[in-house]
Amino acid sequence: MNTRSTPVVLAFTLSSMFALVGCGNVNFGVRPTPSSGDGMTLRTQAVMSTLYASPSGSGSSCSSGSPCSLTGARDRVRGMNGSMSGDIIVWVSDGTYNLTSSLALDGQDSGSNGYNVIWKASGNNAILSGGQDITGWSMFDGGSNIYRANVGTSLNTRQVFVNGTRATRARGAQNPGGWTKTSTGYTAPDSVMVNWGHKSNIEIVNYIAWKSFRCPIDSISGSSVTMQNPCWNNAQLHTGFAMDGVTWVENALELLDTEGEWYLDRSAGFIYYKPRAGENMSTVNVVAARTEKLLEITGTLAAPAHHIQFVGLNFRHNTWLSPSTAEGYAIVQAGWHFTGPGRTGFTNNDIARTPGAVSVTNANHLRFERNNFKQIGSVALDFLSGNQNSAIVGNTFEDLSSTAIQLGEITQVSLNEIASDTRNRVSDVVVSNNTITRVGQEFFDAVGIFSGFVSSTTIAHNNLYDLPYTGISTGWGWGALASYPMANNVITYNRITDTMKTLVDGGAIYTLSRQPGSVIKNNFIQNGAEGIYLDNGTQGYSATNNVVLGLTSYWAHVQYFYVTASNNSLENNYTDTNTASLDTDNIVQNNTLVSSG
């Protein structure tokens, strides 16, 4: 039953609006003062031992005068954490830790007796980097002001950063005309590309609705462009939302014509760059992302990693190379994509996650606090299966190729694993007081915070802004799966602004499928296409006391296509638009229409 009141038009300021919704003294973003219930409160404990690591460290003493490497400190911890009488603190000194492989931790790196192993930056510039510095630039084409440097043939990357700013991989014009889709690819408007080099490295990017596909070219004959498989086949699986047109062509030296663009010729071992105004190639700092994983925490169900904390670290310059292979990026939604050959239909078990620069599997009582994730080539922080009772608090995420924070699994296989052993679940994770901006810089379908099959997860007091697609996305399945281990999720006191800047059919807050006992309350949403979007099969949500302003489409969208969203309530919210799309099997009442300003 749908009970909908007549909107009341009132005129008052935003400050009085906050007072009405009970938020008059709330900072919706990162708060300086910790408070209970938001994951900010830390327990003060005794310190059993203090170790030291530095970028030039070596040996095993790990003292302030003779620090260890990161792996040396890890190994030293393993020799003393069996029966702890206080925390072990590993002080990570300022400087760049150049990682050619990830720092790998597992169950044996855990705290014991309720105490923690704390990896803590001693200053503000402890950087765990997977990057390679590029030097030795010389003029290649004076007329076009293109430089190049010899990097050898082993470097493989999708991301380059110049003076701390992401450079653009060489691309053509947006939405070029004259392209026609065929069964195997496209007919180009002319045969110019026949003469281009390294055709199998060229990618075609295509936006459609909430998807941003990337598939590599296989061959070019005249104006006929054949795409690589399995990417092309997988990009056709979602009927009505398949890879179709050409948004732009990317990754050819022949396309390098704009300041800030780069191109890597792996076979010849040269990287090319056209500098921006004011960049001096004799002094410029250029870093190519090289290592895919920076930190991996991998426990087991029998021996999970636990009681480990990371405080004040900087994570930089990882890459993700799968999209550069024949797999490409056959997107489904929110960073999850089809992989593998021989796919004939849309099934959840064909879907793979975008991996994280930092990944966590089978762990509990972890804490990531006040870290900075920047210039990342994949998801930044990824919690896979088997993670509980952990906190992601007060971190900054910016300039990411994909999603900032990713929680949980989404396949039927993972549902079966949770059903057979609840230790596989992701639950009781607090994501609070984080700042998230400029995600999806390469994979534009990425979201700020994604959670799939999760329960009792709290997403609170985060500040999300300047996003190409959705802000917070929770749930999976479109109401079509047999069972859902999702319940009691809380999305509250978040500030979400300027979303949906590139793609469509998402929202500041987006949900899927049955999540009984879940709430969306006290959030501030401004500027974007849609506000609160309860998509197919969403059930069990209460959306109350939210402020939704300045949208170009619906303030609330309750989807009734495919599998109806039902048994939800939207009550006592405040918006400056009366435009909404609401299914009838929900309670919608006492929402207030206010004048702008």
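Residues numbered from 1 in each chain as written. Predicted model: local features only at pLDDT ≥ 70, side-chain atom pairs only at ≥ 80, totals over all residues. Heavy atoms only, no water.

Describing the pattern of salt bridges
Piece 1. This model, assessed by the stated rule, comprises 20 salt bridges.
Piece 2. Salt-bridge contacts for K501 lead to D466; the nearest nitrogen and oxygen are separated by 2.9 Å. Residue K501 is found in the loop between strand 44 (495–497) and strand 45 (509–511), and its partner D466 is found in the loop between strand 41 (463–465) and strand 42 (472–474); the two are separated by 35 residues along the sequence.
Piece 3. One salt-bridge network, held together by shared partners, links R158, R169, E203, R214, E250 and E442. (Salt bridge = Lys/Arg side-chain N within 4 Å of Asp/Glu carboxyl O. Helix = DSSP H or I, 4+ residues; strand = E, 2+ residues; numbered from the N terminus.)

Overview of the state of the cysteines
Any covalent bond linking the sulfur atoms of two cysteines counts as a disulfide.
Piece 1. In total, this model carries 2 disulfides according to the counting rule given.
Piece 2. In this model, C62 is linked to C68 through a disulfide, with the two sulfur atoms separated by 1.9 Å. Residues C62 and C68 are joined through a disulfide that is left-handed, its torsion about the S-S bond being -100°. When sorted by exposure, C62 lands in the same class as C68, which is buried.
Piece 3. Between the sulfur atoms of C215 and its disulfide partner C231 the distance amounts to 2.0 Å. Here the disulfide of C215 and C231 is left-handed, its torsion about the S-S bond being about -85°. Of the two residues, C215 is situated in strand 17 (residues 211–221) and C231 in helix 3 (residues 231–234); the sequence distance between them amounts to 16 residues. (Disulfide = S-S within 2.5 Å. Buried < 20%, exposed > 50% of the residue type's maximum accessible area, 1.4 Å probe, protein only.)

Details of the side chain of S54
Piece 1. With respect to the helices and strands, the residue S54 is situated in the loop between strand 2 (47–53) and helix 2 (70–78).
Piece 2. Excluding its chain neighbours within four sequence positions, the residues that come into contact with S54 are P67, C68, S69, S93 and Y97. (Contact = heavy atoms within 4.5 Å.)

Focus: the environment of I202
Piece 1. Within the secondary structure, I202 sits in the loop between strand 15 (185–187) and strand 16 (203–208).
Piece 2. On the basis of relative accessibility, which here comes to 0%, the residue I202 falls in the buried class.
Piece 3. In this structure the C-alpha to C-alpha distance between I202 and M227, which are 25 residues apart in sequence, comes to 9.8 Å.
Piece 4. Setting aside residues up to four positions removed in sequence, I202 forms contacts with M193, W196, G197, C215, P216, I217, V249, E250, N251 and A252.

Points about the pairing of strand 32 (residues 379–383)
Piece 1. The buried fraction of strand 32 amounts to 5 of the 5 residues, a majority that puts the element mostly inside the structure.
Piece 2. The pairing of strand 32 with strand 35 (residues 405–407) spans 3 bridges and is classified as parallel. Looking at strand 35, one finds that L381 is bridged to I405. (Pairing = 2+ DSSP bridges.)

Brief notes about the confidence of the model for the protein
Piece 1. Summing up the model confidence of the protein, the mean pLDDT is 92 and the portion of residues at 70 or higher is 92%.
Piece 2. In the predicted structure, residues 1–37 sits below a pLDDT of 50 and forms 86 contacts with residues beyond four places in sequence or in another chain. (pLDDT = per-residue confidence, 0-100.)

Quick look at the sheet that holds strand 54 (residues 580–581)
Piece 1. In space, the 11 strands of this open sheet follow the order 5-23-29-32-35-38-42-45-48-51-54, with parallel pairing throughout. Single-partner strands in this sheet number two, and they are strand 5 (103–105) and strand 54.
Piece 2. Sheet topology places strand 51 (residues 556–558) next to strand 54; 2 bridges connect them, and they run parallel. Its bridge partner lying in strand 54, H557 is registered against S581.

Some points on the environment of V454
Piece 1. Along the chain, V454 turns up in strand 39 (residues 454–455).
Piece 2. Between the alpha carbons of V454 and N489 there is a distance of 7.7 Å; along the sequence they are 35 residues apart.
Piece 3. Apart from the residues within four sequence positions on either side, V454 is in contact with L407, G408, V426, P485, M486, A487 and N489.

Description of the sheet that holds strand 27 (residues 336–338)
Piece 1. Pairing is antiparallel in the open sheet, where 3 strands are placed in the order 26-27-28. Taken across any chain shown, the strands that pair with only one partner, and hence form the sheet edges, are strand 26 (330–333) and strand 28 (351–352).
Piece 2. When strand 26 meets strand 27, the two strands line up antiparallel, connected through 3 bridges. Looking at strand 27, one finds that I331 is bridged to H337.

Observations concerning the packing of aromatic side chains
Piece 1. Counted under the stated rule, the structure contains 22 aromatic pairs.
Piece 2. When the centroid spacing of 5.0 Å and the interplanar angle of 20° are considered together, the rings of F310 and F368 count as stacked. Within this pair, whereas F310 is found in strand 24 (residues 305–311), its partner F368 is found in strand 30 (residues 363–369), the two being separated by 58 residues in sequence. Comparing F310 with F368, the two get one shared label, buried. (Phe/Tyr/Trp six-rings, centres within 6.5 Å; stacked < 30°, edge-to-face > 60°.)

Some words on helix 2
Piece 1. Within helix 2 the residues assigned to the buried category are L70, G72, A73, R74 and V77.
Piece 2. Of the surrounding secondary structure, the elements contacted by the buried residues of helix 2 are strand 2, strand 3 (87–92), strand 4 (95–98), strand 5, strand 6 (117–121) and strand 7 (126–129).

Notes on the environment of L582
Piece 1. Structurally, L582 is set in the loop between strand 54 and strand 55 (587–589).
Piece 2. Note on L582: relative accessible area 17%, which makes it buried.
Piece 3. Placed 26 residues apart in sequence, L582 and A556 show a C-alpha to C-alpha distance of 7.2 Å.

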